[in-house]
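# Architecture at a glance
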Amino acid sequence: MESTSDLKAFNQLFTDYQGRFIRFANTYVNDVAIAEDFVVEALLYYWENRHSLNNESNIPAYILTIIKHKCLNHLQHLQVREAVTEKMRDHAEWELHTRIATLEACEPYELFTAEAQEIVDRTLEKLPEQTRRIFLMSRYQNKSHKEIAAELGMTTKNVEFHITKALKLLRHNLKDYLPFFLLFFG
């Protein structure tokens, strides 16, 4: 059981130093509630560990050292949190600048054309060899139906059939790119 003299000494220590300890802690943490918590925690720590101290210990200095370490830990934690916040802010700013730069450099027509061309290329690869060849001669080599028919030894009706077949498949595959389709293949 605790002696009455221990309690009186503790109460006197609390009365004499509480205000000073709070002002000391508040000088560093800039938050009275946190400063008060640190002082109470330090006083409780002292009270729980007082028997392990020798009789010549400077008790106010001991308690002030505990408060100092609590303040230091608190400030270091704030410093780490601020550094993380700053890195997150820097990353968010970098990401925003990147999105702006990317969007400024974006040319929708080029993207649209590249996507449509990829669909055209894939569609042409799926066509039967003769249909693909006839279509390419017509659209990429600008040969007339008559020229293609003569070169391949077939009728112009047969050439028209293959071109119509290719155009039908391209129209279906490029339905979302109709303006592009009409511009280049209409």
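The sections below set out a description of the structure shown in this document.

Analysis parameters
Here the residue numbering is sequential within each chain, running from 1 through the sequence in written order. In keeping with the model being predicted, local features are shown solely for residues with a pLDDT of at least 70 and side-chain atom pairs are shown and tallied solely at 80 or more, while totals for entire chains, interfaces and linings include all residues. Each side-chain value is worked out from all heavy atoms of the structure, with water and hydrogens disregarded. To count toward a patch, a residue needs a relative accessible area above 30% and no salt bridge. Like charges then connect within 9 Å, nonpolar side chains (Val, Leu, Ile, Met, Phe, Trp, Tyr) within 5 Å. Computed with the Shrake-Rupley method and a 1.4 Å probe, the accessible areas treat only the protein chains shown as cover for residues. By definition here, a salt bridge exists when the distance from a side-chain nitrogen of Lys or Arg to a carboxyl oxygen of Asp or Glu is within 4 Å. A run of H or I in DSSP becomes a helix once it reaches four residues, and a run of E becomes a strand once it reaches two; helices and strands are each numbered from the N terminus. Expected span, for any helix, means 1.5 Å times one less than how many residues it has. To sort residues, take the accessible area from a 1.4 Å probe on protein chains only and compare it with the maximum for the residue type: under 20% means buried, over 50% means exposed, and anything in between is partly exposed. A contact between two residues is defined here by any heavy atoms of the two lying within 4.5 Å. For this quantity, the arc is that covered by the directions from the helix axis to the C-beta atoms. Ring geometry is summarised as follows: Phe, Tyr and Trp rings, the Trp one being its six-membered ring, pair when their centres sit within 6.5 Å, and such pairs are stacked at plane angles under 30 degrees, edge-to-face over 60 and tilted between the two.

Next up on the list: a nonpolar patch on the surface. There is a patch of nonpolar side chains on the surface, built from Val 80, Val 84 and Met 88 and spanning about 290 Å² of accessible area. On the secondary structure map, Val 84 appears in helix α3 (residues 59-105).

It is worth spelling out α3 at this point. The end-to-end C-alpha distance of α3, which contains 47 residues, comes to 68 Å, matching closely the 69 Å that a straight helix rising 1.5 Å per residue would cover. Considered for burial, the residues of α3 that qualify are Pro 60, Ile 63, Ile 66, Ile 67, Cys 71 and His 74. Of the surrounding secondary structure, the elements contacted by the buried residues of α3 are α1 (4-29) and α2 (32-49).

Our next topic: helix α7 (residues 156-173). Counted at 1.5 Å a residue, the expected span for α7 with its 18 residues is 26 Å, and the 26 Å between its end C-alpha atoms agrees. Along α7, the residues classified as buried are Val 159, His 162, Ile 163, Ala 166, Leu 167 and Leu 170. Buried residues along α7 cover an arc of 130° about the axis, so they all sit on one side. Within α7, the exposed residues directed more than 90 degrees away from the buried face are Lys 157, Lys 168 and His 172.

With that settled, the discussion passes to the packing of aromatic side chains. Counting across every chain of the model gives 5 aromatic pairs. A centroid spacing of 5.4 Å and a plane angle of 20° characterise the contact between Tyr 17 and Phe 21, whose relative ring orientation is stacked. Residue Tyr 17 and its partner Phe 21 are both found in helix α1; the two are separated by 4 residues, about one turn of the helix. Of the residues examined, Tyr 17 reaches a relative accessible area of 23% and is grouped as partly exposed. Between Tyr 46 and Tyr 62, the aromatic rings sit 6.4 Å apart at their centres with planes inclined by 70°, giving edge-to-face as the arrangement. With Tyr 46 in helix α2 and Tyr 62 in helix α3, the pair connects residues that are 16 residues apart, well separated along the chain. Take Tyr 62: its relative accessible area is 23%, and that puts it in the partly exposed class. Three or more aromatic residues joined by ring pairs form one cluster here, namely Phe 10, Tyr 46, Trp 47 and Tyr 62.

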